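# Chain and residue survey
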Amino acid sequence: ILRAQQHGSDWAGSLPQGGTVEIRGVTKSYGDLTVLKDIDLVIPAGSVTAIIGPSGSGKSTLLRSINHLERVDRGYIAIDGELIGYRRDGDALHELPEKDILTRRADVGMVFQNFNLFPHLTVLDNITEAPISVRGLPRAEAEQLALDLLARVGLSDKAGAYPRQLSGGQQQRVAIARTLALKPKVLLFDEPTSALDPELVGEVLDVIKELASSGITLIIVTHEIGFAREVADRIVFMEQGRVVETGSPAQVLNDPQNRRTADFIAKVL
Ligand code: ADP
Ligand code: MG
C-alpha cells in the first residue's frame, strides 16, 4: 500500500526505470557441487545483458539468486546499492527484516521458461493479482494498468481469456505483462523462448526487444545468439559456475578471447 501511494497517480502510466545490479563475490553450492564460483558482475542501470553458456553452468542459479529465490553462500547481491536480502562477512550473516526482503524482491521481476501463469485465472486477473495483493493497488487502477500492459504486448483482445486458450507465445507475453505490472527495476528472463514452437519465438523476442529500449534493466539467459547480438549491450559467457568472459556482442561473439568461449560459440552459431 505504501509503495502504491508513493508512486501516486503515475503508477499505471510509465514503465519503471532500471536499477544497477551489483553481484560481488557470489559463491553457491548444492551439497558438494559448487555451482556459482566467485561471481563478480556489475550490471548498469538500463542496460541489457545476455548470459550465455552450456547447460549446467549456473545461469539459472545466478538469476534465481538475483531474485532471492536462492540463498548464496558467500558474497552479496545489491540493487541500487541496497542488499536484496543479506550478506555474509566470513561467518557473520547480516540479514534484512522479512518485510524489507519482500519489498526489495518486488524490485526484481522474473519471467520463466514455462510461463507459470495461474491456469484458473483469466489473463486480466493473472496480471492484476499481484498489484492488488502485493502493492495494494485499487482494483480499478490495477485493471487499467493490466489493459495498458496488454496493449503493450499486443494482446488487448485477450483480457478475458484463460491461459489454456492461448498459444505459448501469447502466454509468455501475458507472463511478461504480469511481471511488468509490479514495476520491477530489473527484469530477469530465463530462456523465455525455449519452450516455444519455432514460429512463436519471434513475437516474444519482439516484445523483449521493445523493453530493451525502455530503460528497465534486462538480464536475459538465452540460446538465441542472434537475438543476443542484436539487443544486448553486453554478453556474459558462463561455464562451470564461473564468468569466463564478458564484453560487447562484437567482442565476445566475433573475437572471443577465451578458448572455451570460442568453442561454445562455434557450437551454437
Ligand atoms: P544452467 O541454468 O546454466 O543450465 P543451473 O543453474 O540450472 O544451470 O544449474 C547449475 C548446476 O546446479 C547444475 O549442475 C544443476 O544440476 C545444479 N542444480 C541446480 N539446482 C539444483 C538444486 N536445487 N539442487 C541440486 N543441484 C542443483
Ligand atoms: Mg537454466
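Residues numbered from 1 in each chain as written. Chains lettered and ligands numbered in written order. Predicted model: local features only at pLDDT ≥ 70, side-chain atom pairs only at ≥ 80, totals over all residues.

The protein carries the name Glutamine transport ATP-binding protein GlnQ in an unreviewed UniProt entry, which gives Paracoccus haematequi as its organism.

### Notes on the overall build of the protein
Of regular secondary structure, the protein possesses ten helices and twelve strands. On C-alpha atoms alone, the protein measures out to a radius of gyration of 19 Å, which is about the 18 Å that the 2.2 N^0.38 rule sets for 269 residues. For the protein, the spread of C-alpha atoms along the three principal axes comes to 55 × 50 × 30 Å. Within the protein, buried positions represent 39% of all 269 residues. In the protein, once contacts between residues fewer than 6 apart in sequence are set aside, the share between residues at least 24 apart is 66%. (Helix = DSSP H or I, 4+ residues; strand = E, 2+ residues; numbered from the N terminus. Rg over C-alpha atoms; globule rule 2.2 N^0.38 Å. Buried ≥ 20, exposed ≤ 12 C-beta atoms within 10 Å, placed from the backbone. Contact = placed C-beta atoms within 7 Å.)

### Quick word on unusual backbone geometry
Most peptide bonds take the trans configuration, and most residues that are not glycine carry a negative phi. The backbone of His-68 shows a phi angle near 60°, a positive value even though the residue is not glycine. When you line up the elements, His-68 lands in the loop between helix H2 (59–66) and strand E4 (74–79). Under the C-beta neighbour-count criterion, His-68 is labelled partly exposed, with 19 such atoms within 10 Å. Positive phi values are uncommon outside glycine, yet Asn-116 reaches one of about 55°.

### A word on the nonpolar core
Core analysis: the biggest nonpolar cluster contains 63 residues, and Leu-149, Ala-177, Leu-188, Ile-219 and Ile-235 have the highest contact counts within it. Beyond its immediate stretch of four places on either side in the chain, Leu-188 contacts Leu-63, Ile-66, Asn-67, Val-108, Gly-109, Met-110 and Ile-219. (Core = buried A, V, L, I, M, F, W, Y, C linked by C-beta atoms within 7 Å.)

### Here we look at the site of ligand 1
As a structural note, the neighbourhood of ligand 1 is formed by Tyr-30, Val-35, Gly-53, Ser-55, Gly-56, Ser-57, Gly-58, Lys-59, Ser-60 and Thr-61. It is H2 that contributes the most residues to the shell around ligand 1, three residues altogether. For the shell around ligand 1, a count of residues per class yields two nonpolar, seven polar and one charged. (Near = placed C-beta within 6 Å. Nonpolar A, V, L, I, M, F, W, Y, C, P; charged D, E, K, R; others polar.)

### Here we look at the packing of helix H6 (residues 168–180) against helix H7 (residues 198–212)
Look at H6 against H7: their axes get within 8 Å of each other, and the N-to-C directions meet at 15°. The orientation of H6 relative to H7 falls into the category roughly parallel. Once H6 is placed against H7, the crossing between them reads as right-handed. Note on element contacts: H7 touches H6 through Leu-200, Glu-203, Val-204 and Val-207, opposite Gly-168, Gly-169, Gln-172, Arg-173 and Ile-176. The residue inventory of the contact of H6 with H7, partitioned by class, reads four nonpolar, three polar and two charged. (Axes fitted to C-alpha atoms, helices over the stretch in contact; angles between N-to-C directions. Parallel < 35°, antiparallel > 145°, perpendicular 65-115°, else oblique. Left-handed = near helix turned anticlockwise from the far one by under 90°.)

### A look at the sheet that holds strand E8 (residues 108–111)
On the basis of which strands lie adjacent, the open sheet formed by six strands has the order E8-E9-E10-E3-E11-E12 and mixed pairing. Every interior strand has two partners, whereas the edge strands, E8 and strand E12 (242–247), have only one. Across this sheet, the average inter-strand angle for adjacent strands is 20°, counted without regard to direction. Running over the sheet, H7 touches strand E3 (48–52), strand E9 (186–190) and strand E10 (217–221) and is turned about 145° from E10. (Pairing = 2+ DSSP bridges.)

### A closer look at the pairing of E12
Two elements, strand E11 (residues 234–239) and E12, share five bridges in a ladder whose sense is antiparallel. Bridged to Glu-239 within E12 is Arg-242. Connecting E11 to the next strand, E12, in antiparallel fashion are two residues, including Gln-240 with a positive phi near 50°.

### Points about the sheet that holds E4
Spatially, four strands are ordered E2-E1-E4-E5 in an open sheet, and the strand pairing comes out antiparallel. Single-partner strands in this sheet number two, and they are strand E2 (33–43) and strand E5 (82–83). Pairing between strand E1 (residues 21–30) and E2: seven bridges, direction antiparallel. Looking across to E2, one finds that Tyr-30 is bridged to Leu-33.

### Details of H2
By the criterion of burial, H2 is predominantly enclosed, with seven of the eight residues buried. Buried within H2 we find Lys-59, Ser-60, Thr-61, Leu-62, Leu-63, Ser-65 and Ile-66. Directly beyond the C-terminal end of H2, a positive phi value near 60° is found at His-68.

### Some words on the packing of helix H4 (residues 123–133) against H6
One can describe the packing of H4 onto H6 by two numbers: an axis separation of 8 Å at closest approach and a directional angle of 25°. Classified by the angle their axes make, H4 and H6 are roughly parallel. For the element pair H4 and H6, the recorded crossing hand is right-handed. Only Val-174, Ala-177 and Arg-178 of H6 make contact with H4, whose side of the interface consists of Val-123, Asn-126 and Ile-127. Looking at the contact of H4 with H6, its residues break down into four nonpolar, one polar and one charged.

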